[in-house]
Amino acid sequence: MTGLVGNVSIPVYSGSNVGWAGEIAAAADGAGTFSEVTLEPKRITAYIDVSKQFLLQDSVSAEALIRADIVRAISNKLEETILGNAAGSTTQPKGLFNGATALADTSYKTMVELVKTLEEANVSGDLKYIVSPAAKEALKTTAKDAGSGLFVMEGNEIDGLPVLSTSACKGIVLGNFNDYVI
């Protein structure tokens with residue numbers, strides 16, 4: 001979403017309801033309900049004091065170094081915030097794990113149930129797991145079943161779905177992150 005200015009309200013529609021009726025029976029009201037989600041701008045900030053001597057020594061590579069470091073710092077802060085458990089505020093977005101109970105069970109059955117839960121909610125598309133390093137270790141060492149010698153996580157996949165790992169993650173999350181708006 002580009003070109004947004006200030007607070008933006010996005011309407012949310014629960015969806016129309018339909019039903020079967022006889023040939024001359026009256027149709028039921030199929031109207032869903034409207035609500036809205038308000039997106040409020042948040043600002044991630046930083047400043048760096050740079051000496052003139054530093055710039056004079058090699059301005060092109062010095063500037064590139066500083067720019068790359070700022071981009072890395074912003075990326076790390078966004079990842080830490082998005083995959084964190086902060087409640088959110090007027091200045092900071094809420095983390096995905098806010099109010100969530102940590103998943104302790106890394107069994108194959110539990111991972112399949114996660115996919116089932118998303119499918120029942122009609123979530124589809126480019127599904128991916130994001131896990132903490134500790135969860136990754138557990139998934140790679142938890143047997144898939146009693147006798148195959150396979151583990152829940154093989155390579156960088158669980159049951160064919162990609163797994164990304166970062167220390168910013170507070171557990172295990174599965175979703176289509178192309179649909180995530182921050």
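Residues numbered from 1 in each chain as written. Predicted model: local features only at pLDDT ≥ 70, side-chain atom pairs only at ≥ 80, totals over all residues. Heavy atoms only, no water.

Colleague: What's the story with the nonpolar core in this structure? I'm lost.
Modeller: Nonpolar side chains in soluble globular proteins tend to be buried together. Membership of the largest hydrophobic core comes to 15 residues, with the highest contact counts inside it found for M111, Y129, V131, L139, I158, I172 and L174. Among the elements of the structure, helix 3 (108-120), strand 3 (127-131), helix 4 (133-141), strand 6 (161-165) and strand 7 (172-176) are those that each provide at least two residues to this core. Listed in part, the six residues of the second largest apolar core include L83, I130, C169 and V173. (Core = buried A, V, L, I, M, F, W, Y, C linked by side-chain atoms within 4.5 Å. Buried < 20%, exposed > 50% of the residue type's maximum accessible area, 1.4 Å probe, protein only. Helix = DSSP H or I, 4+ residues; strand = E, 2+ residues; numbered from the N terminus.)

Colleague: What's the story with unusual backbone geometry in this structure? I'm lost.
Modeller: Residues apart from glycine generally show negative phi values, whereas peptide bonds are mostly found in trans. The phi dihedral of N122 is positive, around 60 degrees, even though this residue is not glycine. Looking at the element boundaries, N122 is found in the loop between helix 3 and strand 3. According to the relative accessible area criterion, N122 is exposed, its value standing at 67%. Located in the positive-phi region is D159, a residue other than glycine, with phi close to 50 degrees. In this structure, D159 sits in the loop between strand 5 (157-158) and strand 6.

Colleague: I keep staring at the side chain of S132 and nothing clicks. Help me out?
Modeller: Tracing the backbone shows S132 in the loop between strand 3 and helix 4. We classify S132 as buried; its relative accessible area is 10%. If near-sequence neighbours (up to four positions away) are discounted, S132 is found in contact with S165, T166, C169 and G171. (Contact = heavy atoms within 4.5 Å.)

Colleague: How do you make sense of the sheet that holds strand 3 when you look at a structure like this?
Modeller: Strands in a sheet are paired, the pairing made by backbone hydrogen bonds, and the direction either parallel or antiparallel. Pairing is mixed across the open sheet formed by five strands, whose spatial order is 4-5-6-3-7. The sheet terminates laterally at strand 4 (153-154) and strand 7, the two strands that pair on one side only. Where strand 3 meets strand 7, five bridges bridge the pair, whose relative direction is antiparallel. If you follow Y129 over to strand 7, its bridge partner there is L174. Those strands touched by helix 3 are strand 3, strand 5, strand 6 and strand 7, and its axis lies near 35 degrees from that of strand 7. Where helix 4 meets the sheet, it contacts strand 3, strand 4, strand 5, strand 6 and strand 7, and its direction lies at approximately 110 degrees from that of strand 3. (Pairing = 2+ DSSP bridges. Axes fitted to C-alpha atoms, helices over the stretch in contact; angles between N-to-C directions.)

Colleague: Honestly, the layout of surface pockets in this entry has me stumped. Any pointers?
Modeller: If you roll a probe as big as a water molecule over the atoms, it shows you where there is empty space left. For the largest pocket, the calculated volume is near 930 Å³. Taken together, 27 residues form the lining of the largest pocket, with E40, K42, P93, V181 and I182 sitting closest to its centre. Sorting the residues of the lining of the largest pocket by element identifies strand 1 (8-13), strand 2 (34-39) and helix 2 (59-82) as the ones contributing at least two each. (1 Å grid on protein atoms, 1.4 Å probe; cavity = no way out; pocket = protein on both sides within 12 Å on 5 of 7 lines; lining within 4 Å. Points joined across faces, edges and corners; volume = space filled by probe spheres on them.)

Colleague: I'm lost on the pattern of salt bridges in this one. Help?
Modeller: Side chains that carry opposite charge are capable of pairing whenever their charged atoms lie near each other. This model, assessed by the stated rule, comprises six salt bridges. Its salt-bridge partner being E63, residue R67 comes within 2.8 Å of it at the nearest N-O pair. Within this pair, R67 and its partner E63 are both found in helix 2, separated by four residues, close to a single helical turn. Residue class for R67 comes out exposed when judged on its relative accessible area of 53%. (Salt bridge = Lys/Arg side-chain N within 4 Å of Asp/Glu carboxyl O.)

By themselves, these are just geometric observations and shouldn't be taken as functional.
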